[in-house]
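# Survey of secondary and tertiary structure
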Amino acid sequence: MKITGQCHCGAIRFTATASPDKVAVCHCADCQIMSGGPFRAVLPVPVDQVELQGSPKQYVKVAASGNRRAQAFCGDCGTQLFATEADEPKTLNFRLGCVNERAQLNPVLQIWRDSAMPWLTELDGLPAHTRGRDSPLASS
Ligand SMILES: [Zn+2]
Ligand SMILES: [Zn+2]
């Protein structure tokens, strides 16, 4: 399927052709810290299927194994865009949050489930405000 996306300020935009059955959710500590959320959802796309406008900044994460992953983000607004092989990009793992079609891209896999937040499954039972401005947190 065709996907489109952009960072929050719009300085970086992309279009790509992606397989919709490849979305994964990762609960590892690095994904929690770098995403700012309880987990990170990613859509892998081969680099030759991607058209990117703008120049993301990169933070290279070095794993204990020596594996180097470039984490690309907008240097102006800070939106996380994708991660890829730092030395020779082959696959861009797009952050689902910046993909416009994200509501149709259901995850098919969970990674590092053991470090998932223990309260994730309880969210459906919480009070739900349909709009952010009606919520007690609206002014924050
Ligand atoms: Zn931006
Ligand atoms: Zn992870």
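Structure report, in brief.

## Points about the pairing of strand 1 (residues 2-6)
As defined by bridge partners, strand 1 adjoins strand 2 (residues 13-17) across 5 bridges and the pair is classed as antiparallel. Note that in strand 2 the partner of Gly5 across the bridge is Phe14.

## Focus on the sheet that holds strand 4 (residues 40-46)
Taken in spatial order, the 7 strands make up an open sheet running 6-7-8-9-4-3-10, and their pairing is mixed. Looking at which strands have only one partner, the edges of the open sheet turn out to be strand 6 (57-62) and strand 10 (109-111). Taken over all neighbouring pairs, the strand axes of this sheet differ in orientation by 30° on average, direction set aside. With 2 bridges connecting them, strand 8 (residues 80-85) and strand 9 (residues 91-95) associate as antiparallel partners. In the sheet register, Phe82 faces strand 9, and the bridge partner there is Phe94.

## A closer look at the sheet that holds strand 5 (residues 50-53)
An order of 1-2-5 is seen for the 3 strands of this open sheet, with the pairing classed as antiparallel. On the outer flanks of this sheet lie strand 1 and strand 5, each paired with one strand and no other. Across the sheet, the axes of successive neighbouring strands diverge by a mean angle of 10°, strand direction being ignored.

## Looking at unusual backbone geometry
Of note in this structure, Trp112 is not a glycine but carries a positive phi near 55°. Of note, Trp112 is situated in the segment after strand 10. According to the C-beta neighbour criterion, Trp112 is partly exposed, with 15 such atoms within 10 Å.

Calculation notes
Residues numbered from 1 in each chain as written. Chains lettered and ligands numbered in written order. Predicted model: local features only at pLDDT ≥ 70, side-chain atom pairs only at ≥ 80, totals over all residues. Pairing = 2+ DSSP bridges. Helix = DSSP H or I, 4+ residues; strand = E, 2+ residues; numbered from the N terminus. Axes fitted to C-alpha atoms, helices over the stretch in contact; angles between N-to-C directions. Buried ≥ 20, exposed ≤ 12 C-beta atoms within 10 Å, placed from the backbone.

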